[in-house]
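# Close look at the chain arrangement
Each chain is listed here by its residues.
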Amino acid sequence: MGELSSSERTTVERAAGEPMLDQVLAWAAVNSGSRNLGGLERMADLLADAFAALPGVLRLEEPAPVDAVDGAGKKTRLKHGRHLHLTVRPTAPVQLLFTGHMDTVFAPDHPFQQTRWLEDGVLNGPGVADMKGGIAVLLAALKAVEASDAAERIGYEVIVNSDEEVGSLGSAPLIVEAARGKRAALTYEPSALPDGTLAGARPGSGNYSIVVHGRSAHAGRNPEDGRNALVAAADLAIRLDGLKRDGLTVNPARIDGGSPSNVVPDLAVLRVNLRPRTPAVQSDAEREIEAAVAAVAAERDVRIDLHGGFGRPPKPMTPEMETLFGLVKEAGADLGQSIGWQSTGGVCDGNNIAACGVPVVDTMGVRGGKIHSMEEFLITQSLGERAALSALTILRIAEGRL
């Protein structure tokens, strides 16, 4: 370790000594795929029990209503699990936000359901890195800080949502409200690289379901009376693909709909994802999407309904963000940890927090890798490392170093 005060040393040692591995093993044994409501309810109960070790008011919040468009172009209501929400000392002078997610990408019928040791210190399992390991790190750091003399200067909110892996649409309003007035935020996604590198700037992400209503007709007798929704959707996909440029990726991913081959199809649903690097690029893309939709509707004589939008705003590096990253890097240096960061193409709740004007480091979780696959792994040594890093960072924010 570097230059730590005696109180800092006590706090980081306490954080690193928490039984995090046992928690990860227990939590990873519960399938909490984003659509597994029963598993998410079980996971929420386990987390509520664990976070009850902290002071404050703990609630399991109902998700906000979320609509989606099915393959028939109809709106349907999506169901999400409840979100853990803890509020501690809301009148303290320094207010922080900590976020994580309990859901994984692995459904109950996915073959990846159990943990196993790949080698000494490397644990393979569903969600061990993304992010049940991160939740354990967060809890350990907060328990250690609560035992320190600095605790009374710090107020905070913790949100562990149930829908991050599917865009956080059911928790976005809760995150926005919790971010209000916060000096900084830490989110516990796994590190961008197994060596502990943090994610810096992130693009935004927009998901659209575009419903094209044409007119059916017999493909042989009177095709000229039809308006082919499938062709119109394909035309729109090509036009949207043409929007991509430096700072904007576009991925037309799927077209649902169609008809028997002897009928002009009257319905198609185009799914497309866009990732802008900056808010300005996002604004331009939104205008260009609307213009492309209007053009295809007019030229193909079809009706087009646009659903969706940019649920993850871009997260560019700002001076305030760089200051927070610098504080984390300094804390890491004093703990003997080399901390760097790089831009990444992924998105997370850090995007939503940054859009509220709050500086955030969103990869404070464990070191590991191959997330969202059956090869996902956690480097168990990083549990103690990252808990110590978080605890020291929080203490120094409380001291006014940010």
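Description of the structure in this document. As the structure is a prediction and not an experimental result, all values here were calculated from the model.

## Focus: helix α6 (residues 229-241)
The first and last C-alpha atoms of α6 sit 18 Å apart over 13 residues, in line with the 18 Å expected at 1.5 Å per residue. Here α6 has its buried residues at Ala229, Ala232, Ala233, Asp235, Leu236, Ala237 and Leu240. In this structure, the buried side of α6 is in contact with β11 (205-213), β12 (248-257), β13 (267-276) and α7 (279-300).

## Quick word on the layout of surface pockets
Size it by volume and the largest pocket reaches roughly 1,100 Å³. Taken together, 46 residues form the lining of the largest pocket, with Glu165, Val166, Gly167, Asn207 and Val347 sitting closest to its centre. Considering every element that reaches the lining of the largest pocket, the biggest residue donor is strand β14 (residues 303-312), with six residues. When the residues that make up the lining of the largest pocket are grouped by side-chain class, the tally is 18 nonpolar, 17 polar and 11 charged.

## Focus: the nonpolar core
Formed by 80 residues in total, the largest nonpolar core has its most connected members in Leu47, Phe51, Leu96, Phe98, Tyr156 and Val158. It is helix α4 (residues 128-146) that contributes the most residues to this core, 13 residues altogether. When sequence neighbours within four positions are dropped, the list of residues in contact with phenylalanine 51 reads Leu58, Leu84, Leu86, Ile135, Leu138, Leu139 and Val158. Core analysis: the next-biggest nonpolar cluster, separate from the first, contains 26 residues, Ala232, Leu274, Ala297 and Val302 among them.

## A few points about the environment of glutamate 322
Looking at where glutamate 322 falls in the secondary structure, it is placed in helix α8 (residues 319-334). Sequence spacing of glutamate 322 and alanine 15 is 307 residues, and the spatial spacing of their C-alpha atoms is 25 Å.

## Some points on the pairing of strand β6 (residues 116-119)
Working note: regular strand, side chains alternate between the two faces of the sheet. Across three bridges, the pairing between β6 and strand β7 (residues 122-124) is antiparallel. By the bridge assignment for β7, arginine 116 is matched with asparagine 124.

Calculation rules
- Residues numbered from 1 in each chain as written.
- Predicted model: local features only at pLDDT ≥ 70, side-chain atom pairs only at ≥ 80, totals over all residues.
- Heavy atoms only, no water.
- Helix = DSSP H or I, 4+ residues; strand = E, 2+ residues; numbered from the N terminus.
- Expected span 1.5 Å × (residues − 1).
- Buried < 20%, exposed > 50% of the residue type's maximum accessible area, 1.4 Å probe, protein only.
- Contact = heavy atoms within 4.5 Å.
- 1 Å grid on protein atoms, 1.4 Å probe; cavity = no way out; pocket = protein on both sides within 12 Å on 5 of 7 lines; lining within 4 Å.
- Points joined across faces, edges and corners; volume = space filled by probe spheres on them.
- Nonpolar A, V, L, I, M, F, W, Y, C, P; charged D, E, K, R; others polar.
- Core = buried A, V, L, I, M, F, W, Y, C linked by side-chain atoms within 4.5 Å.
- Pairing = 2+ DSSP bridges.

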